[in-house]
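One-letter residues, chain by chain:
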Amino acid sequence: PIHRAGASLPPEKRSEPCCRPAMSLDGGGAPALSVVFFDFSATLSSPQFIPRAGELALPDNYELCMNMLADEIFENFGGVDRVMRLRLMLERMRARRVQFYIISLGFKEVIRHHLCTVGLGEFFPPDRVFGQDSPELSRVCHQKARLIERILFDHGLSAKAALFVDDSAEHIWLCRKLEVCACLLVFGNGISFQEMQMLEDRLGDSH
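Residues numbered from 1 in each chain as written. Predicted model: local features only at pLDDT ≥ 70, side-chain atom pairs only at ≥ 80, totals over all residues. Heavy atoms only, no water.

All right, on to the confidence of the model for the protein chain then. For the protein chain, the mean per-residue pLDDT works out to 89, and 85% of the residues sit at or above 70. Note that pLDDT drops below 50 for residues 6–23; the model gives that stretch 42 contacts with residues more than four away or on any other chain. (pLDDT = per-residue confidence, 0-100. Contact = heavy atoms within 4.5 Å.)

So, in structure tokens, the structure goes:
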């Protein structure tokens with residue numbers, strides 16, 4: 001079955017993303033990053049409750065997410081300051097030739113729409129975004145680790161220089177069990193500023 005993207009967020013996952021302690025990052029002593037696989041909901045985004053809809057804005061809710069106002073979408077990323085910090089992290093990674101992918105249980109069109117609205121779409125072209133409606137994810141029964149494994153193989157990418165970032169313990173568990181690549185389990189409702197710094201520290205030389 002397809003689980004809702006970021007559904008049933010517990011209270012501790014709704015705190016401010018900029019000021020929580022980060023979880024540990026796998027792969028100490030590993031090579032500098034060359035590819036990062038991000039989840040979207042509650043990882044890149046920081047889902048918020050939309051009062052007028054009476055629901056959390058999760059990317060598997062197509063009707064709500066495709067009709068949100070720009071201000072609402074920015075808030076769904078944790079606000080303008082967090083969007084700017086995400087951009088800085090992605091720019092630093094791109095300068096080091098790190099590749100980015102998104103693998104999510106949300107809808108691909110929703111994810112791209114929200115990314116483009118806040119100015120982050122350039123980092124994630126359509127062929128690097130996989131949602132629950134993507135054939136590639138369907139073929140592996142929506143098991144993100146299996147798709148990561150396939151992408152690494154198909155593109156000749158080093159598993160030792162790859163990282164999977166997700167807020168789902170279930171998906172992180174499978175990735176670790178299969179020994180696909182290093183992982184970062186996001187602690188709260190969206191990757192925190194401290195966790196972003198941890199990723200930047202995996203770039204190798206000073207930046």
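There is more to say after this.
A few words on the pairing of strand β1 (residues 35–38). Going residue by residue along β1, you find Val35 and Phe37 tucked away on one face and Val36 and Phe38 tucked away on the opposite face as well. Bridge analysis of β1 against strand β6 (residues 162–166) gives 4 bridges, and the strand direction is parallel. In the sheet register, Phe37 faces β6, and the bridge partner there is Phe164. (Buried < 20%, exposed > 50% of the residue type's maximum accessible area, 1.4 Å probe, protein only. Helix = DSSP H or I, 4+ residues; strand = E, 2+ residues; numbered from the N terminus. Pairing = 2+ DSSP bridges.)

To continue, consider the nonpolar core. Buried together is how nonpolar side chains tend to be arranged in soluble globular proteins. Of all hydrophobic cores here, the largest spans 37 residues; its most connected members are Phe38, Phe77, Met93, Ile102, Phe124, Val165 and Leu199. Per-element accounting of this core gives the leading share, 5 residues, to helix α4 (residues 80–95). Beyond its immediate chain neighbours, meaning those up to four positions away, Val165 contacts Val36, Phe37, Phe38, Asp39, Thr43, Leu184, Val186, Ile191 and Leu199. With 23 residues, the next largest nonpolar core counts Val35, Ile148, Leu157 and Cys183 among its residues. (Core = buried A, V, L, I, M, F, W, Y, C linked by side-chain atoms within 4.5 Å.)

In this section: the side chain of Ser134. Structurally, Ser134 can be placed in the loop between β5 (129–130) and α6 (135–138). One polar contact links the side chain of Ser134 to the main-chain amide nitrogen of Gly131, over a distance of 2.8 Å. When neighbours within four sequence positions are excluded, Ser134 is seen to be in contact with Lys108 and Val129. (Polar contact = N/O pair within 3.5 Å; in protein donor to acceptor, adjacent residues only side chain to side chain.)

Another point: the packing of aromatic side chains. Evaluation of the coordinates by the stated rule reveals 8 aromatic pairs. Ring geometry for Phe38 versus Phe124: centroids 6.1 Å apart, planes at 85°, classification edge-to-face. Linking Phe38 in strand β1 with Phe124 in the loop between α5 (108–117) and β5, this pair joins segments that are 86 residues apart in sequence. Judged by relative accessible area, Phe124 falls into the buried class, the value being 0%. Ring centres of Tyr62 and Phe107 lie 6.0 Å apart, and the angle between their planes is 85°; on these two criteria the pair is classed as edge-to-face. Of this pair, Tyr62 sits in helix α2 (residues 62–65) while Phe107 sits in the loop between β4 (99–103) and α5, and the two are 45 residues apart along the sequence. Assessed through its relative accessible area of 34%, Tyr62 is described here as partly exposed. Given a relative accessible area of 22%, Phe107 falls into the partly exposed group. A connected cluster of aromatic rings, assembled from ring pairs, spans Phe38, Phe100, Phe123 and Phe124. Sitting over the face of the ring of Tyr101, Arg128 holds its NZ or CZ atom 4.8 Å from the ring centroid. (Phe/Tyr/Trp six-rings, centres within 6.5 Å; stacked < 30°, edge-to-face > 60°. Lys NZ or Arg CZ within 6 Å of the ring centre and 35° of its normal.)

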